[in-house]
Amino acid sequence: MAVRPMPLFYLTRLAFTELVRQPVCLLIALASVALSTGLPLMIAHQLGQQGGLARDGALAFELTGGAILAAYAACSTLSREMHSGTILAILSRPISRETLFLAKFAAVALLVMLFTICSACAALLAERLAPRFFETDWYGVRLLLAVPVAVFVPGALLNWRRGSNVAAWGWCFLVVALVLVTAALSRVDAEGHVGRFGEFLDWRLVPAAMLVGAGLLILAAFALGLAAHLPLAPTVVLLLVLLFAGLLSGYVAHLASRWPPVATAIRTLLPDFQMFWPADDLAGDAALSWRSVGAAALYGLVYTTGVLCLGTAAFRNRQF
Amino acid sequence: MSTIPHDAPAVIDARGLNKVFRDFWGRPKVRAVQDLTLEVRSGEVFGLLGPNGSGKSTTIKMLLGLLYPTSGELRVLGGSPRDAATRERLGYMPEESYLYKYLTAQETLEFYASLGGLRSRRRRQRVDEMIELVGLASARHRRVGEFSKGMARRVGFAQALIHDPDVLLLDEPTSGLDPIGCRQVKDLILDLARRGKTILVCSHYLADMQDVCDRVAILLDGRVCAQGPVRELVRQPDTWRITLEGVDDALRDRLVAYLQEQCGRPVAVEPAGRSLESLFVDVVTRQRAASPPP
C-alpha cells in the first residue's frame, strides 16, 4: 500500500504531540543541557586547550543524551503502542504500515531536531561559561539560571489557568529561553560590556552540533527499527552498543584489514559515527570544513534512508 | 432486534479459517482459530460468544487485517481486509480502550476523524455529534489518561463511529461500563442496526448479547460450537412462558390448576418482575433528574 501524504501528516503530528507531552523526553533534554552547561563551570574545564573540554563535553552529552532520547521516544511511540494495543485502532483504519512507520520516524526526528537546537545553544553556552583564568562568568551564569525558571514557571501557570500540558509548553519555553540567552550572551562579555552581535561566542559549535544531530537521525532510524520488535531496555542497550561500535568502526575495520571482505563489510554495515564527531576538527582555532559537513550530511541521509527501508520492510508484515 | 432476510448480501464471509500462532522456531504454538466458517449479512447484529481464549479477538483481528489467516478464505465487504478500500468502511472498537493518554477526548476524535478522511467542517461536526452521543460533552477537553474505564470506553466507541462506517466490529463493547452506560451502548447498537449498519459484537456478557444480537456463534477453543438466530438457539421446544396482567390470586390458582390438569405435569408460577438493570437505570435516571450534578 502506498504512503499517502495526509495520513502521514496526521500521524506525524499526533506522534510528535504525544512525545513532547511526555515529561520524560523533556527531562532527558533538560538533563543533557544542564550537564553540558553545568559541568564546565568547574575550573578544570578551561585548563589546557582553550574551551576544548567544555566543547567536547557538550557534544558528548548531545550524542549520548540524543541517543537515549531517540531510543526512549522510538519505544514510547512504537513498541509501547504495540504492547498497549493503541496501534490496533490506527491500523484498523486505511493506514498502511509503511505510513505508520515513517510517521513515527518523522515524529522522533522532529524531537531530535528540537533537542539538537537546545544542544547547540548548550554547547555555545558551555564554551562561553567555562571559567577563564579562574574567573567565573557570573553574568552568564545568572542568565543561564533563569532558563529553568523560564521553562517551568510559565508552564505551571498555563497548567494552573488552562490545564495546558506542562511538558509541551516546557519544550517551547526551553528552546526560546536558550536561544534568547545565547543571543544575549553573544554580544555581552563576562564583565557585562556590550559588543557586536555574536562577538563572544564560538560559532563553530553550531555546525558541529548540527553534525552530531545528523548522526542522531541515523540512531533515531535504528531506534525505531529496534523498537518495532523490542521493548525499551534492550533498545537502549543495543542503540548504545551500535553508537560505540559506530564510533570505533574505522578502528575495527583497520584491525580487520588483513581480511579485506571482513573490513569492507564492517565499513559498509556499521555506521561511521566518526564522521559526525567534529571535536577533533574544533581543536585550536580551525574552522569546520563545510565540505566535510556536507559529506557527513549526505552520508547520514543515505544511511538513514537505508535503515528506514529495512525497518519498513520488517514492519510491513508484522502482525498484531 | 431486527429481522434480516436470508437473502441479504454477506458482508463478512469466512470459510475454513485457521490461525496458528508459532513460536520463535516456527513450530505451531497455539491454534487460536480452527476451521471457522461464518457469514454475517448486511444490516444484522452478529454476536461472537465464547469464554476467554476462545479465539474471538483473533477472529476480529483477522477481519481487520491486523492478523493474517494461516489458511482459509476471508472476504469483508467483498474484498480483502488488507485492502485500504475495505478498511475505509470498517469501524473498530478494541477490547481495551487503547487511547493516547496525553490527548483530550476532542483531540482523540479529531485525530481519528482525520484518519477517516473527513474534511475540517465535517470533522468538527462529527466530533461534536459523537461527543454528544457518548455523553462526554463536559469532559471533552480533559486528557483521556485521566478518564475512568467507562469514559475511555465511550471515547473508544465514538472513535469507531466517527467516520460513519458501514460495518462495525465491537470487541467487548460493554466491558467496564456501568449499567446505564451498558444500556446506552446496547440502545446505540440497536439504533445503528436499524439504520442499516452491520455489526459484529464479540463478548462474554451473554445477557447483553441476547438483548442486541440477531444471530450468534459460540466459539470454544477456536471452533464454532453453535451458530444461528438467538431466538432459535435459546428456545426450549414445547416450553412456553405466559405473562398475564390484572390477575388476582384466586384466578391465578384456578388457571394453574387447569394448566396442570391439561399438561399432566407441574406448572412453574412466579410473580412477573423487572430486571435489576431496568430498576437500576430507572432509579439513577430519576435521581439525576431530581438533583442534577453540579
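Residues numbered from 1 in each chain as written. Chains lettered and ligands numbered in written order. Predicted model: local features only at pLDDT ≥ 70, side-chain atom pairs only at ≥ 80, totals over all residues. Heavy atoms only, no water.

Asks: Would you mind showing me how to read the packing of aromatic side chains here?
Replies: One pair of aromatic rings is described through two measures. These are the centre distance and the angle between the planes. Enumeration according to the criterion identifies 12 aromatic pairs over all chains in this entry. Ring centres of Phe-273 of chain A and Phe-276 of chain A lie 6.2 Å apart, and the angle between their planes is 55°; this geometry places the pair in the tilted category. Residue classification places Phe-276 of chain A among the buried positions, given a relative accessible area of 2%. Each member of the aromatic cluster is reached from another via a ring pair, and the members are Phe-222, Phe-273, Phe-276, Tyr-299 and Tyr-303 of chain A. Directly above the ring of Tyr-68 of chain B sits Arg-82 of chain B, whose terminal nitrogen or CZ lies 3.6 Å from the centroid. (Phe/Tyr/Trp six-rings, centres within 6.5 Å; stacked < 30°, edge-to-face > 60°. Buried < 20%, exposed > 50% of the residue type's maximum accessible area, 1.4 Å probe, protein only. Lys NZ or Arg CZ within 6 Å of the ring centre and 35° of its normal.)

Asks: Whenever I open this one, the interface of chain B and chain A confuses me. Can you help?
Replies: Often, the extent of an interface is quoted as the loss of accessible area on bringing the components together. On the side of chain A, 31 residues touch chain B, which itself brings 29 residues to the contact. For the pair chain B and chain A, the two sides together bury roughly 2,800 Å², of which 57% comes from carbon and sulfur. When the area that chain B buries against chain A is broken down by residue, the three leading residues are Tyr-100, Tyr-102 and Leu-115 of chain B, summing to 27%. Linking chain B with chain A are one salt bridge, by the criterion used here. Two residues, Arg-21 of chain A and Glu-107 of chain B, come together in a salt bridge whose shortest N-O distance is 3.0 Å. Connecting chain B to chain A are 12 residue pairs in polar contact (both at pLDDT 80 or more). Going through the elements one at a time, α2 (84-87), α3 (105-115) and α5 (149-161) of chain B are the ones with two or more residues in the side of chain B that touches chain A. (Contact = heavy atoms within 4.5 Å. Buried area = accessible area lost by both parts, 1.4 Å probe. Salt bridge = Lys/Arg side-chain N within 4 Å of Asp/Glu carboxyl O. Polar contact = N/O pair within 3.5 Å; in protein donor to acceptor, adjacent residues only side chain to side chain. Helix = DSSP H or I, 4+ residues; strand = E, 2+ residues; numbered from the N terminus.)

Asks: Got a minute to help me understand helix α6 (residues 179-194) of chain B in this structure?
Replies: Each α-helix winds once per 3.6 residues, and so residues spaced three or four apart point in a common direction. All names here are of chain B. Relative to the 22 Å expected for 16 residues at 1.5 Å per residue, α6 spans 22 Å between its end C-alpha atoms, a close match to the ideal helical length. Looking only at α6, the buried set comprises Ile-180, Gly-181, Cys-182, Val-185, Lys-186, Leu-188, Ile-189, Leu-190, Leu-192 and Ala-193. One or two residues past the end of α6 sits Gly-196, with phi positive at roughly 95°. (Expected span 1.5 Å × (residues − 1).)

Asks: I keep staring at the state of the cysteines and nothing clicks. Help me out?
Replies: In protein chemistry, a disulfide is the covalent bond that joins the sulfur atoms of two cysteines. Taken as a whole and judged by the stated rule, the model has zero disulfides over all chains. You can see Cys-25 of chain A has no disulfide; the closest cysteine sulfur is in Cys-75 of chain A, sitting 11 Å from it. Here Cys-202 of chain B stays free of any disulfide, with the sulfur of Cys-213 of chain B as its closest cysteine sulfur at 10 Å. (Disulfide = S-S within 2.5 Å.)

Asks: Help me out: how do you make sense of the pairing of strand β8 (residues 215-220) of chain B in this one?
Replies: Regular strands place side chains that alternate from one sheet face to the opposite one. Residues and elements named next belong to chain B. Strand direction decides the pairing type here: strand β3 (residues 45-49) and β8, joined by four bridges, are parallel. The partner of Leu-48 across the bridge, within β8, is Ala-217. Bridge count for β8 against strand β9 (residues 223-229) is six bridges, and the pairing is antiparallel. Residue Ile-218 lies in a different strand from β9, and its bridge partner there is Ala-226. (Pairing = 2+ DSSP bridges.)

Asks: Can you help me understand the sheet that holds strand β4 (residues 71-76) of chain B in this one?
Replies: What links the strands of a sheet is backbone hydrogen bonding, and the strands pair in either a parallel or an antiparallel sense. Residue and element names in this part refer to chain B. Pairing is antiparallel across the open sheet formed by three strands, whose spatial order is β2-β1-β4. One side of each edge strand has no neighbouring strand; the edge strands of this open sheet are β2 (28-41) and β4. With strand direction ignored, the average angle separating the axes of adjacent strands in the sheet is 20°. Examined bridge by bridge, strand β1 (residues 10-22) and β2 share nine bridges and lie antiparallel to one another. Counterpart to Lys-19 in the pairing with β2 is Val-33. (Axes fitted to C-alpha atoms, helices over the stretch in contact; angles between N-to-C directions.)

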